Amino acid sequence: MRKANKLMLAAVLAVALPTSAMAAEADLQAKIDKLSQQMEDLKGQVQRVEDKSLGKWLQIGGSYQFRIDSLHGKTVAYSDAIGTMNNLVGGFVVGPNAVAGTTVGANATITNPSGTAFMFMGKSGSLFTPAQFNTILTQYMPSAMYNAFTGMIMPALGTMTPAQVAGYLQANALTAQQSAILNTLTNKGIMSTVMSMMTPANQAAFMAMPAEYQQAAMVMAMQGFLGAGSGNLATYQSFKPKNETLYTNKFALDLKAKATKDVTVNVKLGMYKVFGDQSDQVTNNGYYADRVGVFDGTIGHVPSSSYLNVDRAYATWSNILDQPVWFSVGRRPATDGAPTNVRHNNERPGNGGTPALLVDYAFDGMTVGYAPDIDFLPGFYAKVCYGRAFDSGFRATPTNSVKDTDMMGVAIIPVDTDPLRVWLQWNRAFNIFDFPKMNNTLFGNVGPTVNLGEFDWYGAGAMTTIKKVGPGDLNAFADIALSISHPNKNVSNAAGFQGLMSGEFFAQDFAPKDRTGWAVYTGIRYDLPSKTKIGFEYNYGSKYWQTFAPAADDMWTAKVGTRGQVFEPYVIQELNLKPISSFFAKTFFRLGYQYYDFEYTGSNNWVGEPKKMSELKSTDLLMMAPIKEAHNIYGTFEVHF
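So, here's what we can say about the structure. All figures in this text were calculated on a predicted structure; none of them were measured in a lab. (Residues numbered from 1 in each chain as written. Predicted model: local features only at pLDDT ≥ 70, side-chain atom pairs only at ≥ 80, totals over all residues. Heavy atoms only, no water.)

## Observations concerning the overall build of the protein chain
This is how it is decided: Put simply, DSSP H or I for four residues or longer makes a helix, DSSP E for two residues or longer makes a strand, and each gets a number counted from the N terminus. Note that the radius of gyration is over C-alpha atoms, with the globule rule given as 2.2 Å times the number of residues to the power 0.38. Residue burial is assigned from relative accessible area. The probe radius is 1.4 Å, only protein chains are included, and a residue is buried under 20% of its type maximum, exposed over 50%, and partly exposed in between. A contact between two residues is defined here by any heavy atoms of the two lying within 4.5 Å. Only the protein chains shown count as cover for residues, and the accessible areas themselves come from Shrake-Rupley with a 1.4 Å probe. Positive: Lys, Arg. Negative: Asp, Glu. His and the chain ends are not part of the count. Lysine's charge is taken at NZ, arginine's at CZ, aspartate's at CG and glutamate's at CD.
Looking only at helices and strands, one finds 11 helices and 23 strands in the protein chain. Against the 2.2 N^0.38 benchmark of 26 Å for 641 residues, the protein chain shows a C-alpha radius of gyration of 36 Å, more extended than a compact globule. Principal-axis analysis of the C-alpha atoms gives the protein chain an extent of 170 × 60 × 50 Å. A total of 641 residues make up the protein chain; the buried ones form 49% of that total. Counting contacts in the protein chain only where the partners sit at least 6 residues apart, residues at least 24 apart contribute 72% of the total. Entry remark: accessible area of the protein chain is about 30,100 Å², with carbon and sulfur atoms responsible for 61%. Of the charged side chains in the protein chain, 52 are positive and 51 negative; the average position of the first set lies 6 Å away from that of the second.

## Digging into the packing of aromatic side chains
Keep this limit in mind: In this scheme Phe, Tyr and Trp rings, the latter by its six-membered ring, pair at centre separations within 6.5 Å, and the angle between planes marks the pair as stacked below 30 degrees, edge-to-face above 60, and tilted otherwise. The criterion for a charge sitting over a ring is simple: Lys NZ or Arg CZ within 6 Å of the ring centre, and within 35 degrees of the ring normal.
Taken as a whole and judged by the stated rule, the model has 32 aromatic pairs. Here Y538 and F567 contribute two aromatic rings whose centre-to-centre distance is 5.1 Å and whose plane-to-plane angle is 50°, an arrangement assigned as tilted. Of the two residues, Y538 is situated in strand 19 (residues 532–541) and F567 in strand 20 (residues 564–574); the sequence distance between them amounts to 29 residues. Taking relative accessible area as the criterion, Y538 reaches 22% and is therefore assigned partly exposed. Joined through ring pairs, the aromatic side chains of F295, Y361, F363, F390, F433, F548 and W606 make up one cluster. Positioned above the aromatic ring of Y634, the side-chain terminus of R67 is 4.8 Å from the ring centre.

## A few points about helix 7 (residues 176–187)
We apply this condition: In a helix, the anticipated span is given by 1.5 Å times the number of residues less one. Arc definition: it is the arc formed by the directions from the helix axis to the C-beta atoms.
Helix length check: helix 7 (12 residues) gives 16 Å between terminal C-alpha atoms against 16 Å at 1.5 Å per residue, within 8%. Those residues of helix 7 that fall on the buried side of the exposure criterion are Q177, Q178, I181, L182, T184 and L185. For helix 7, the angular spread of buried residues about the axis comes to 160°, placing them on one side. In the core, the buried residues of helix 7 are packed alongside helix 5 (130–157), helix 8 (190–196), helix 10 (211–226) and strand 22 (621–622).

## Observations regarding the sheet that holds strand 2 (residues 78–80)
Counted only if it meets this: Pairing between two strands requires that DSSP report at least two bridges joining them. Every axis corresponds to a line fitted to the C-alpha atoms, with the helix fit spanning only the stretch in contact, and the corresponding angles, defined between N-to-C directions, vary from 0 to 180 degrees.
One open sheet holds the 3 strands; their spatial order is 5-2-22, and the pairing between them is mixed. At either end of the open sheet lies a strand with only one pairing partner, and these are strand 5 (235–236) and strand 22. Here 2 bridges tie strand 2 to strand 5, and the two strands are oriented antiparallel to one another. Looking across to strand 5, one finds that S79 is bridged to T235. In the packing of helix 3 (residues 81–93) onto the sheet, contacts are made with strand 2 and strand 22, and the angle to strand 2 comes to roughly 55°.

## Notes on the packing of helix 5 against helix 9 (residues 200–208)
Put simply, the rule is: What makes a crossing left-handed is the near helix being turned counterclockwise from the far one by less than a right angle; a clockwise turn instead makes it right-handed. Under the scheme applied here, ten amino acids are nonpolar (Ala, Val, Leu, Ile, Met, Phe, Trp, Tyr, Cys and Pro), four are charged (Asp, Glu, Lys and Arg), and all others, including Gly, are polar.
Two elements in contact, helix 5 and helix 9, have axes separated by 12 Å at closest approach and are oriented at 35°. The handedness of the crossing between helix 5 and helix 9 is left-handed. Along its contact with helix 5, which presents F149, T150 and M154, the element helix 9 presents N202, A205 and F206. For the contact of helix 5 with helix 9, a count of residues per class yields 4 nonpolar, 2 polar and no charged.

## Notes on the environment of G122
With respect to the helices and strands, G122 occurs in the loop between helix 4 (115–120) and helix 5. Judged by its relative accessible area of 32%, G122 falls in the partly exposed class. Separated by 369 residues in sequence, G122 and V491 have C-alpha atoms that sit 21 Å apart. Filtering out sequence-adjacent residues up to four positions away, G122 remains in contact with T129 and Q132.

## With respect to the packing of helix 3 against helix 5
Contact geometry of helix 3 with helix 5 gives a least axis separation of 10 Å together with a crossing angle of 65°. When you trace helix 3 past helix 5, the crossing you get is left-handed. Only I136, Y140, M141 and A144 of helix 5 make contact with helix 3, whose side of the interface consists of M85, V89, F92 and V93.

## Notes on the layout of surface pockets
How we decide: We place a 1 Å grid over just the protein atoms. Points where a 1.4 Å probe fits but has no way out form a cavity, open points with protein on both sides within 12 Å along at least 5 of 7 lines form a pocket, and any residue with an atom within 4 Å of a point lines it. Grid points are joined across faces, edges and corners, and a volume is the space filled by probe spheres set on the points.
By volume, the second largest pocket is sized at about 1,200 Å³. In terms of lining residues, the second largest pocket is bounded by 43 residues, among which E347, R525, D527, K533 and K586 are the most central. For the lining of the second largest pocket, the secondary-structure elements that each account for two or more residues are helix 11 (340–344), strand 16 (451–469), strand 17 (472–487), strand 18 (515–527), strand 19, strand 21 (586–598) and strand 23 (627–640). If you tally residues by element for the lining of the second largest pocket, the top one is strand 16, at 5 residues.

## Some thoughts on the nonpolar core
Nonpolar side chains in soluble globular proteins generally cluster together in the buried interior. As a reminder, the rule being used: What makes a nonpolar core is a set of buried Ala, Val, Leu, Ile, Met, Phe, Trp, Tyr and Cys residues whose side-chain atoms join them at distances within 4.5 Å.
In this structure, F92, M145, F149, L157, L185, F506 and W606 are the most contacted members of the largest nonpolar core, which totals 111 residues. Counting residues per element, this core draws most heavily on helix 5, at 13 residues. When neighbours within four sequence positions are excluded, L157 is seen to be in contact with V165, M209, Y213, A216, A217 and M220. The next biggest cluster of nonpolar side chains, apart from the first, holds 19 residues, and it includes Y272, V274, F598 and I627.

## A few points about the side chain of D434
In plain terms, the rule: Salt bridge criterion: a side-chain nitrogen from Lys or Arg within 4 Å of a carboxyl oxygen from Asp or Glu. Here a polar contact is recorded for every N or O atom pair within 3.5 Å, except that within protein the pair must consist of a potential hydrogen donor and a potential acceptor, and residues adjacent in sequence are included only if both atoms are side-chain atoms.
Topologically, D434 is positioned in the loop between strand 13 (420–433) and strand 14 (438–441). Of the buried charged residues, D434 lacks a salt bridge, with K437 as the closest side chain of opposite charge at 13 Å. Engagement of the side chain of D434 in a polar contact is seen with the side chain of S492, the distance being 2.8 Å. Ignoring sequence-local partners within four residues, the contact set of D434 consists of G447, P448, T449, V450, L452, S492, W606 and V607.

## A word on empty space enclosed by the protein
For the coordinates displayed, the defined rule picks out 6 cavities of 30 Å³ or more. Lining the largest cavity are 43 residues, and of these A289, G602, N605, V607 and M624 lie nearest its centre. When its residues are assigned to classes, the lining of the largest cavity shows 28 nonpolar, 9 polar and 6 charged. For the second largest cavity, the calculated volume is near 140 Å³. Lining the second largest cavity are 16 residues, with L88, M141, F225, L226 and F506 positioned closest to its centre. Of all the secondary-structure elements, those providing two or more residues to the lining of the second largest cavity are helix 3, helix 5, helix 7 and helix 10. With 5 residues, the top contributor of residues to the lining of the second largest cavity is helix 3. Among the residues forming the lining of the second largest cavity, the class breakdown is 15 nonpolar, 1 polar and no charged.

## Focus on the pairing of strand 1 (residues 58–75)
Remember that side chains alternate between the two faces of the sheet whenever the strand is regular. Across 14 bridges, the pairing between strand 1 and strand 6 (residues 242–260) is antiparallel. Looking across to strand 6, one finds that L71 is bridged to N243. Direction of pairing for strand 1 relative to strand 23: antiparallel, over a ladder of 13 bridges. Of the residues in strand 23, the one forming a bridge with T75 is I627.

Here you go:
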């Protein structure tokens, strides 16, 4: 019995032991499988957390710049148009020859508003309102000219011999601008109004005068109002404007967020201010149209205040329908374009950039781009761009007939590689305004009052980097462009009857023509192994050259818009410090010199006909001081992160 029990126990153990071992092994495997699944779940959770971490979807960068400039220039003699207008109005309103508050004309033709009434037509902060300008042109001026004709000019001519008249005409010949002003007053009916104010006897007496006497009467009138000895001209002889030490702070914060698959948002915030000033009055000096005041498109690019402004904010949808197509909309990256990145020591702009010779302006707009793979055109892409430079608000009202100002552009970049980048560009501006909206300028508070016409621009350029040229690398670029103005017959009363690239102050061009200008922009930079970079740039613009680059970083005026030539040597010294915040982080100093040689007036201004500097007369009325030459020595300390 005992033996049978032992045999039975042995049999049970023989069966049970392998079964137990197998059960334990299965349980262990289940636990391992469960743990593996938990690990996989944990990995997924970690991956999801990593995917949503800041480093995965948000890139932060930016720059800081301290800059010092020493600016010196030299003007030619001229007469300030705004000061002259103020003198004329002062004479119309007060003084022995005032016409304000009086009824003038043999037939009580014109009753002039009083000085108080004229003042109440004004608007705080503005030079002259349309109502004031109309009063000056159609009431005060004819009345004053009538008084001059009947009280002085015709009596004086009655005592002069033909020889004396001929001598007077020879000694007091009108300048080209004075003749144009007289023609303008005649075309606008001012002279007819003056004649109609006379008695029939006076009219008959004037018409009976010989032609040279009538001519002398007109010359006397012009010289009496706008001649060198009239007392009305605000004439300035040549002087030397300067700002020996101008310090500025500039800061930019760049953000790039990956919102969803194929959709990103780019934002750039910027601040630019002068040491010891919270306005734009220090740098907006009244010498150039693009520096008269800060306006939309130049905020953050022209020194103004310490406010952090939105320079760029746009969303981009890429790979549309799984094709190499993108759409982008918002405040565009239309500033600091190629090839200015060479001088600024920046990386090349991406496919959102715009050639700086044609456009340097913070537009609000949109782009559609296409970038197919073409073997023999590496990096090829093309895009169509649209932007709005000015929104006129509600139109067709009693006080607003100004249209929106829009921009259209087509860019083709056949090659975009590290050693070579080539670009072709066409832009068109529709319904160009006379003044952008600005406050506290040389001209007071201004804004668009009329549309003057259209512009076309054509450009082509290339930049290259050649490695191992001697001990260093050579960077070079060349850019050429055409600008063609298409004026309508509108003129800006606020600018004294000047139109799109036509007319002078109070001297309207009644048959404006298309004007073609051209420009070239070239430069080189040699990069040494010591991180020293030595560069030189040259640009030239013809008489009728006009660009749209008011946001350029040049202190005097955007050099690419110069009607004349600019020379700029510079040197950059990067510090040999390891980048931490990003691969592109760097710290460097930059020292440079700009020499402007202006051949024509009106650089960076599309209102008015350019005049050759060497032909200017001291009696010529100009809205801004004509600088013949300008110098700027500058230095910067810059940190990119």
